[in-house]
Structures are given as structure tokens and as C-alpha cells.
Amino acid sequence: MALHGLTHAAKDRLCQRYLDAWWPAMLQTSRNTGLAFPRVTLLRTIDGPAHYDEKEPLPPILTLDRLLHHSASQQMNLSRRRAHMVVIARERESFENVVTQLRARFGSLADLPVRVEVRCGDAARDTLPVLTGLGAWGNPILGLFDSLSGINIPLEVMRRIAHNRASEAIVAFGPHVQKPRDTGPAHALDSALGGRTPREAAAWESRLEESWRAWLNGYGRALRPAGFAYRLKFRMTAGNGPPLHLVFATSRLDSVSAMKDVITVSRHRDGVRFHDPRNAATAPAESLEPVQVNGEVNPELAELVIQRLAGGSLSVEGIGKWLLTETALWLPAHAQPAVQVMLEDGTLVKQSVRKLSRRSLIDLPGNGAP
């Protein structure tokens, strides 16, 4: 068990479940199309001291083990040229622990069908040179960034990844983001957030709930002009552990769907609670039923739909896509049943007398709709 608590362990399992889907999606071969991509690179950073029990395998060791024993390993055609895993550990202790565990589990790394590189360095400074040195650019990269000592990955790094072919990032913030004034030098934060405005907005929030919300929303907004089409933002908590704040950034719609599947599994198997930063007035949803037993729409879902329609009318299909790509938990299938009930109780209006369909335009009363 991670000394940092249940939430860190749950975050590692969430990332591993996503990797279980990501590796074959990127590497699996087909008789019709050949190789999906000639090379893929997983970059994983370890920020801070080693915080796992010595008897517990570190996440990079588990990741490599599951890749080598993946049910689709034959179809992925693994080779050192095609599959790269690089770890950048900030602390010397973490670096040494990773190297020791890798050698103890797998023997000589040079004999593996995956190229494995472990570096001791600073992710903010070393990510771009390391990826360049590996020849990673031009093919898919997945960056797993643990920014537990501060939001410290420069936006330029994220921009390079966003504009690289089929590349994605998962960034985890520690619970300290609830205390914006204590997160580190202002210039480092401004570099990561694309300017001082998001930092200053969070610093003005005195309530913890509002400060973490400001951080996640601000970081998500910064990643959009960086080049990521979709950004899922959420806080996750497991048991009594401190919360972690995650942003998943990608431009692949199928990757968004895969991450939503992983989040659903994490809710059920690990008992993880997910909270969307858009929801200021409601608690995290205990159930993902769009319409509850009493005939009312789930409060979290209702608030999100109202927030979206405050910006203008949208079709039922459009609401569903927005739920998929912009919310932590909700799916396209939740849109129509929720809209139906909200039309019946007068919360929403429909810009047509026709039967409700996926093409029906939906609005808030008073927004110009009839």
C-alpha cells in the first residue's frame, strides 16, 4: 500500500487500466492495415521521494510486467524499436528504487522486447530532450506526469505533446493544490498555466473547495490552446486518503471513451469518488443513473446540463457529446432520458413541437426559446 494513501494507489490502478487499453490500440497489428504505428513511447515521471513500501512493486515495474504479459502481446508485435518506456525520477532514491526493481524482476533490460530507459532528472526540464533523444517525435506519446510537488510541467512541453501524432497526457496534482499560495515559485506556475491569470484566480479563493476547482478549470482551459481538443478534469478520492486532481488531455475521441470506461471501472472496483470541478453546488454522484427512482434527474447531471445550456441551445446529440468530452463521469446515453424529465418539469424547453429526438434543439427558459 502506498504510504501516501489509498487515493495514490487508486490513481495508479486507474492509469494502469488505461494503459491496458492504450498499448494494443497503438501497437496492435492488422492483416489489412499492418502496423497501427511504427513506434510508441510511454513517458512516466516520478515527482518526489519514493513513497511505496519496499515490498510493493513500483508502478513502472507493474506497467512493464502487464505489457509483457498482455493478452494481446502477440498481436502488438513488441520490439525494442517499436515500444519504448522511459521513466524520469526527480529524486535519486526513486531513481535507484526503479532501477533495482526493474533488474530484480526482469534481469538485463537490454534483453527485453521493450526499450526501457530510466533517468534521474527534472521532468519540467528534461522531458523534451529525453523524448528527442529517443526519437519519439512523430509517433504516439503518452505522458503520465506526477506533479505532486507543484503544477510544474511547462505548457510548452504539453504543447509539443499535443501537436505530436496521436499523443496524450495524464497530469496528477497533489492535494496541495488546495493551497495555491504554497505551490511553488510563481514563474514555474505561470509557465505551466500559460500566464499568471489562472494562478491569481486560484490564489484569491479562500475556500478549499473553490481553490481546487479554480486550479482544475484553469489548467484545463490552458491546455485547449496548447492543442488538446478534449480535457477531462476531475478530483478523485479513495477511502480516507487525501484527494488527487487529474487532467486527461487528448485529441482522440476514442481515447476519451476509453478513459470514461476506466473511470467507471474505478468507481465500482476501487470505490473511488470522482468530482467534476464544474459542480459547485452538488456532491459527487453516488449513482450514474440519469433519472433516479423518484423520477428526478440526478442532481449532478442536471446541474451540468443547465450550465452547458446557459451558453446557448444545443441538440440532444450535442448535449450527449458534451457530456462525453467535457465531464468526468457522464456519457452520451445519459442525455436524452435526463432532457426528457427536465422538459417535463419545465427546467428546459424544446425548440420544436415534434417528438423528442437526438436532433431536437434544447434550451433554458428565457434564452429566446419558445
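Please refer to the structure higher up on the page.
Some remarks on the overall build of the chain
Move 1: On a plain count of helices and strands, the chain comes out with 13 helices and 13 strands.
Move 2: Looking at the chain as a whole, 55% of its 370 residues qualify as buried.
Move 3: Excluding contacts between residues fewer than 6 apart, the proportion of contacts in the chain whose partners are at least 24 apart in sequence is 70%.
Move 4: For the chain, the accessible surface area stands at approximately 16200 Å², while carbon and sulfur atoms represent 50% of it.

Describing the packing of aromatic side chains
Move 1: Here the structure, examined in full by the defined rule, presents four aromatic pairs.
Move 2: With centroids separated by 5.2 Å and ring planes inclined at 65°, the aromatic side chains of Tyr18 and Phe248 adopt a geometry described as edge-to-face. On the criterion of sequence distance, the pair formed by Tyr18 in helix 1 (residues 6–27) and Phe248 in strand 9 (residues 244–250) is long-range, its members being 230 residues apart.
Move 3: Taking relative accessible area as the criterion, Tyr18 reaches 3% and is therefore assigned buried.
Move 4: Lying over the aromatic face of Trp137, Arg160 brings its terminal NZ or CZ to 4.1 Å of the ring centre.

Section: the pattern of salt bridges
Move 1: Summed over all chains, the structure comprises 18 salt bridges.
Move 2: The shortest N-O distance in the salt bridge between Lys11 and Asp12 comes to 3.1 Å.
Move 3: Note that Arg90 and Glu91 form a salt bridge whose closest N and O atoms lie 3.2 Å from each other.
Move 4: One network of salt bridges, with partners in common, ties together Lys11, Asp12, Arg44 and Asp146.

As for the side chain of Ser360
Move 1: Along the polypeptide, Ser360 turns up in the loop between strand 12 (349–350) and strand 13 (361–363).
Move 2: On the basis of relative accessibility, which here comes to 8%, the residue Ser360 falls in the buried class.
Move 3: Side-chain polar atoms of Ser360 contact the backbone nitrogen of Ser357, separated by 2.9 Å.
Move 4: Among all residues touching Ser360, those that are not within four sequence positions of it are Leu314, Ser315, Val316, Lys350 and Lys355.

A few points about helix 5 (residues 123–133)
Move 1: Of the residues making up helix 5, those classed as buried are Ala123, Asp126, Thr127, Leu128, Val130 and Leu131.
Move 2: If you follow the buried residues of helix 5, they end up packed against strand 3 (40–46), strand 4 (83–89), strand 5 (115–120), strand 6 (141–147) and helix 6 (155–162).
Move 3: By the N-cap criterion, in which a side-chain oxygen at the helix start approaches the backbone nitrogen of a residue two or three places on, helix 5 is capped by Asp122, the distance to Ala124 being 3.2 Å.
Move 4: Positive backbone phi, at 70°, marks Gly135, one or two positions downstream of helix 5.

Digging into the sheet that holds strand 13
Move 1: On the basis of which strands lie adjacent, the open sheet formed by three strands has the order 11-13-12 and antiparallel pairing. Each of the sheet's edge strands pairs with one partner strand only, and the pair in question is strand 11 (314–315) and strand 12.
Move 2: Across two bridges, the pairing between strand 11 and strand 13 is antiparallel. Note on strand 13: the bridge partner recorded for Ser315 is Leu361.

Details of the sheet that holds strand 4
Move 1: Strand order across the open sheet formed by eight strands is 5-4-3-6-7-9-8-10, with mixed pairing between neighbours. Unpaired on one side and paired on the other, strand 5 and strand 10 (273–275) mark the two borders of the sheet. The average undirected angle you get between the axes of adjacent strands in this sheet is 15°.
Move 2: In terms of strand pairing, strand 3 meets strand 4 through seven bridges, oriented parallel.

Points about the pairing of strand 7 (residues 168–173)
Move 1: Extensive coverage of strand 7 is indicated by the burial of six of its six residues.
Move 2: Of the two faces of strand 7, the one carrying Glu168, Ile170 and Ala172 and the one carrying Ala169, Val171 and Phe173 are both buried.
Move 3: In this sheet, strand 7 lies alongside strand 6 in parallel orientation, the contact comprising six bridges. Considered in strand 7, the bridge of Leu144 is made with Ile170.
Move 4: The pairing of strand 7 with strand 9 spans five bridges and is classified as antiparallel. The residue bridging Phe173 from the neighbouring strand is His245, located in strand 9.

Brief notes about the environment of Trp215
Move 1: Structurally, Trp215 can be placed in helix 9 (residues 208–226).
Move 2: What makes Trp215 buried here is its relative accessible area of 1%.
Move 3: Separated by 30 residues in the primary sequence, Trp215 and His245 have C-alpha atoms spaced 9.0 Å apart.

Cut-offs and rules
- Residues numbered from 1 in each chain as written.
- Predicted model: local features only at pLDDT ≥ 70, side-chain atom pairs only at ≥ 80, totals over all residues.
- Heavy atoms only, no water.
- Helix = DSSP H or I, 4+ residues; strand = E, 2+ residues; numbered from the N terminus.
- Buried < 20%, exposed > 50% of the residue type's maximum accessible area, 1.4 Å probe, protein only.
- Contact = heavy atoms within 4.5 Å.
- Areas by Shrake-Rupley, 256 points an atom, 1.4 Å probe, with all protein chains shown as cover.
- Phe/Tyr/Trp six-rings, centres within 6.5 Å; stacked < 30°, edge-to-face > 60°.
- Lys NZ or Arg CZ within 6 Å of the ring centre and 35° of its normal.
- Salt bridge = Lys/Arg side-chain N within 4 Å of Asp/Glu carboxyl O.
- Polar contact = N/O pair within 3.5 Å; in protein donor to acceptor, adjacent residues only side chain to side chain.
- Pairing = 2+ DSSP bridges.
- Axes fitted to C-alpha atoms, helices over the stretch in contact; angles between N-to-C directions.

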